[in-house]
Amino acid sequence: MAGITTGGGSVTITAGSTAAFISPLTISGPFLVTAAGNSTFNAVISGGGALTVNTAGVTRFNGAISGLGSLLTNTGGSTVLAGGALGVSGSFLFNDPVTLEAATTISGPTGRFNSTLDGAQALNVILSGDAVFVGAVGGTQRLASITTDSAGRTLFYGGSVLTTGAQAYNDAVLLGTN
């Protein structure tokens, strides 16, 4: 199959099962994936739609995410970013712990990590608005590095930002507590 295109809808996976999207996914409307097990996206995700993933297992993005209107994950389970790019035209919100498995560039207006962010990879943040990190960054596994652009602000509330390499903040930074 060359790819999947959806104008909206939902996929619900029964208890103990997993959802695996092996072809590119183009989303032009709201799209909800609910799974008791894992949800895996093996190829590029694009389109201007809104993707929401609710899973008790691992949500894994193995391909780049490009041009989505928004991306939201729930508080159950965890998320792995392995595609190298996360680009949204609206906002992204990860409510679960996130692990980087590839050097990752995130871009768009705003983004929020409501839990921890780990992974021995470089993070490049290009947001015109706020990049919010509520949990510890690099607390379990230090990031290789973190770099922000000059637009927007970076807000840390998790108490620590740990890397094995450079931390370069080219925008305004706010350090707070939960």
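Scroll up a little and you will see the structure.
Residues numbered from 1 in each chain as written. Predicted model: local features only at pLDDT ≥ 70, side-chain atom pairs only at ≥ 80, totals over all residues. Heavy atoms only, no water.

Enquirer: How should I be thinking about the overall build of the protein in this particular structure?
Expert: Helices and strands together make up the secondary structure of the protein, namely 0 helices and 22 strands. Relative to a compact globule of 178 residues, whose C-alpha radius of gyration would be 16 Å, the protein shows 16 Å and is just as compact. When burial is assessed residue by residue, the protein has 41% of its 178 residues classed as buried. The long-range share in the protein, meaning contacts at least 24 apart out of those at least 6 apart in sequence, stands at 6%. Of the roughly 7200 Å² of accessible surface on the protein, a fraction of 55% belongs to carbon and sulfur atoms. A gap of 4 Å separates the mean positions of the 4 positive and 6 negative side-chain charges of the protein. (Helix = DSSP H or I, 4+ residues; strand = E, 2+ residues; numbered from the N terminus. Rg over C-alpha atoms; globule rule 2.2 N^0.38 Å. Buried < 20%, exposed > 50% of the residue type's maximum accessible area, 1.4 Å probe, protein only. Contact = heavy atoms within 4.5 Å. Areas by Shrake-Rupley, 256 points an atom, 1.4 Å probe, with all protein chains shown as cover. Lys, Arg positive; Asp, Glu negative; His and termini not counted. Charge placed at Lys NZ, Arg CZ, Asp CG, Glu CD.)

Enquirer: Honestly, the sheet that holds strand 13 (residues 98-100) in this entry has me stumped. Any pointers?
Expert: Taken together, the 6 strands give an open sheet; going across it, the order is 3-6-9-11-13-16, and neighbouring strands pair in parallel fashion. A single partner strand is all that each edge strand has here, and the edge strands are strand 3 (19-21) and strand 16 (117-118). By the bridge criterion, 3 bridges tie strand 11 (residues 78-81) to strand 13 in an arrangement that is parallel. Looking at strand 13, one finds that Val80 is bridged to Thr99. (Pairing = 2+ DSSP bridges.)

Remember, this is a structural readout, not a statement about activity or role.
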